[in-house]
Amino acid sequence: MNTAESLVMGIESSCDETGVGIVRGTELLTNTVSSSMAEHVRFGGVIPEIASRAHLEAFVPAVRAALAEADVTLEQIDAIAVTSGPGLAGALMVGVAAAKALAVATGKPLYAINHLVAHVGVGLLDGTDELPDHLGALLVSGGHTEILAVHDIVGDVRLLGATIDDAAGEAYDKVARLLGLAYPGGPAIDAAAKEGDPEAFRFPRGLTAGKYMGSADNPGPHRYDLSFSGLKTAVARVVEAFEAAGTPVPVADVAASFQESVVDVISRKTVLACTEHGITTLLMGGGVAANSRLRELVTARCAEHGIRVVVPPLSLCTDNGAMVAALGSRLVSSGVAPTGLSFTADPGLPVTTVSVPAGT
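Residues numbered from 1 in each chain as written. Predicted model: local features only at pLDDT ≥ 70, side-chain atom pairs only at ≥ 80, totals over all residues. Heavy atoms only, no water.

**Student:** Would you take a moment to explain helix α3 (residues 89–106) for this structure?
**Tutor:** At 3.6 residues per turn, the α-helix brings residues three or four places apart onto the same side. With 18 residues, α3 extends 26 Å between its outermost C-alpha atoms, agreeing within 8% with the 26 Å of an ideal straight helix rising 1.5 Å per residue. In this structure, the buried residues of α3 make contact with β1 (7–12), α2 (48–70), β4 (79–85) and β5 (110–114). Downstream of α3 by one or two residues, G107 has phi in the positive range, about 75 degrees. (Helix = DSSP H or I, 4+ residues; strand = E, 2+ residues; numbered from the N terminus. Expected span 1.5 Å × (residues − 1). Contact = heavy atoms within 4.5 Å.)

Below, the structure is given as structure tokens:
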């Protein structure tokens, strides 16, 4: 097998998207995604059992569609990569079982990889042979909010900061529900905020007090960490006060003020982590990376410190099989041994485990 131009299929099923991507080296051939989001709308959030069943129904059609669009056969695939974690347990199990079945049926090597690092792997597509030096990543989605330092995409990814409670996307969904806005909450709040005053309400900025931050020489316990549960509660109290008074809730102002709190803390903590760890290029990923105000503020604040911000196309920011295939391709070309078949889905897979070692 020519590892530099290996043909790799990536399978993603960590949440509500069934993704199958195929890459040849660093060239993206197809990114097929089947989402079950519409089935979760009436519940205001992802229901794991529904997501798992949707993966079962979508997997075979998604594989067939991906092979057809890439104009390749299953026999031509050199290796298979699958998300083994983190994510929803049941959803992960469907993708892992399907990938193992394909690997057994075809005799292809199988790589079990980390969902979060795969979000960084999209930077290896479109002919990019190497990621830039001094690279960091900001991943913001419904299930994850992390700041990473990426020293080596195949073996040295470090977690600098993360949410200690709700992910940013979860907070958006919950606040949207409080305001009577649609699910998913991210786009709905982003749209409403454009008509509101971001300074109408001064909502809390979690984990920014001195006792949490400390200093560069003596870091506090949560210097780069994030928290959104207190913010969500503060919004609920404001909404309840208006409702108790029998007056209309100023939805646009609440949405704008809430969003400003979220993006202010994320951008400040991200820039701080970058400057203190020598990061000069920041890749943004995850569905919330599509948020206009987040992109605007992160980009502006990074620019003040000479940090370049890279945001992949939206289709590659959200969960997809292409990112899994991209990271799998890098593992193949770097000579990393396949994982094999003995691994299991791991909902809590740490970001420091880029790929599950062979024999695990």
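**Student:** Can you help me understand the UniProt feature "binding site: Fe cation" (unreviewed entry) in the protein chain in this one?
**Tutor:** Residues annotated in UniProt with the feature "binding site: Fe cation" (unreviewed entry) correspond here to H115, H119 and D319. Annotated residues spanning 205 residues; largest pairwise C-alpha distance 8.5 Å, indicating a single compact cluster. In the annotation above, H115 and D319 are the residues that line the largest pocket. As for its placement among the helices and strands, H119 is situated in helix α4 (residues 115–121). (UniProt positions renumbered as here; feature names shortened; annotations may be inferred. 1 Å grid on protein atoms, 1.4 Å probe; cavity = no way out; pocket = protein on both sides within 12 Å on 5 of 7 lines; lining within 4 Å.)

**Student:** What exactly am I supposed to notice about the side chain of S261 here?
**Tutor:** Mapped onto the fold, S261 is located in helix α9 (residues 251–276). Ignoring sequence-local partners within four residues, the contact set of S261 consists of F203, P204, R205 and L231.

**Student:** In this structure, what is going on with the pattern of salt bridges? I would like to understand it.
**Tutor:** One pass over the full model with this rule turns up 12 salt bridges. D156 serves as the salt-bridge partner of R158, at 2.9 Å between the closest nitrogen and oxygen. R158 sits in the partly exposed class, given a relative accessible area of 42%. Judged by relative accessible area, which is 23%, D156 ranks as partly exposed. Notably, a salt bridge pairs D166 with K174, separated by 3.2 Å at the nearest N-O pair. In this structure, a network of salt bridges that share partners links the residues R205, D264, R268 and R301. (Salt bridge = Lys/Arg side-chain N within 4 Å of Asp/Glu carboxyl O. Buried < 20%, exposed > 50% of the residue type's maximum accessible area, 1.4 Å probe, protein only.)

**Student:** Hey, could you run me through the layout of surface pockets in this one?
**Tutor:** The method is simple in principle: a probe with the dimensions of a water molecule rolls over the atoms, and the space it marks as empty is what remains. Size it by volume and the largest pocket reaches roughly 1,000 Å³. Contributing to the lining of the largest pocket are 37 residues, with S141, G142, G143, D173 and Y183 lying nearest its centre. Residue classes in the lining of the largest pocket are distributed as 14 nonpolar, 15 polar and 8 charged. (Points joined across faces, edges and corners; volume = space filled by probe spheres on them. Nonpolar A, V, L, I, M, F, W, Y, C, P; charged D, E, K, R; others polar.)

**Student:** It is not clear to me how the packing of aromatic side chains should be interpreted in this structure. Could you clarify?
**Tutor:** Aromatic rings considered in pairs are described by the distance between their centres and by the relative angle of their planes. Applying the stated rule across the entire model yields 3 aromatic pairs. Taking the centre distance of 5.1 Å and the plane angle of 75 degrees together, the rings of Y172 and F258 count as edge-to-face. Residue Y172 is found in helix α5 (residues 168–178), and its partner F258 is found in helix α9; the two are separated by 86 residues along the sequence. Ring centres 6.2 Å apart and planes at 85 degrees place the aromatic pair F201 and F242 in the edge-to-face group. Of the two residues, F201 is situated in the loop between α6 (185–193) and α7 (210–213) and F242 in helix α8 (residues 229–245); the sequence distance between them amounts to 41 residues. For F242, a relative accessible area of 24% translates into the label partly exposed. By way of ring pairs, the aromatic residues F201, F203 and F242 are connected into one cluster. The positively charged end of K100 is found above the aromatic ring belonging to F343, 4.7 Å away from the centroid. (Phe/Tyr/Trp six-rings, centres within 6.5 Å; stacked < 30°, edge-to-face > 60°. Lys NZ or Arg CZ within 6 Å of the ring centre and 35° of its normal.)

**Student:** I would appreciate a short explanation of the state of the cysteines in the present structure.
**Tutor:** Each disulfide consists of one covalent bond between the sulfur atoms belonging to two cysteines. Under the defined criterion, the tally for this structure stands at 0 disulfides. No disulfide involves C317; its sulfur sits 15 Å from that of C302, the nearest cysteine. (Disulfide = S-S within 2.5 Å.)

**Student:** Is there a simple way to think about α5 in this case?
**Tutor:** Those residues of α5 not exposed but buried are A168, G169, A171, Y172, D173, V175 and A176. Turning to α5, the residues buried within the fold contact β6 (135–140), β7 (145–152), α6, α8 and α9. Directly after α5, the chain includes G180, whose backbone phi takes a positive value near 75 degrees.

**Student:** What is the right way to read the pairing of strand β3 (residues 27–35) from this model?
**Tutor:** It is a general feature of regular strands that their side chains alternate between the two faces of the sheet. Relative to β3, strand β2 (residues 17–24) is paired through 8 bridges, and the arrangement is antiparallel. Counterpart to E17 in the pairing with β3 is S35. Hairpin connection between β2 and β3: a loop of 2 residues separates the two successive antiparallel strands, and G25 in this loop has a positive phi of roughly 65 degrees. (Pairing = 2+ DSSP bridges.)

**Student:** Quick question: what am I supposed to make of the sheet that holds β1 here?
**Tutor:** Strand pairing in a sheet relies on backbone hydrogen bonds. The paired strands run either parallel or antiparallel. Taken together, 5 strands build an open sheet; the order of strands is β3-β2-β1-β4-β5 and the sheet is mixed. Where the open sheet ends on each side, the last strands, each with one partner, are β3 and β5. Going across the sheet, the axis of each strand differs from the next one's by a mean of 20 degrees, ignoring polarity. In this sheet, β5 lies alongside β4 in parallel orientation, the contact comprising 5 bridges. Within β5, the position partnered with G85 by the bridge is N114. With respect to the sheet, α2 is in contact with β1, β2 and β3, its orientation differing from that of β2 by roughly 25 degrees. Where helix α12 (residues 321–333) meets the sheet, its contacts fall on β1, β2, β3, β4 and β5, and the angle it forms with β1 comes to roughly 135 degrees. (Axes fitted to C-alpha atoms, helices over the stretch in contact; angles between N-to-C directions.)

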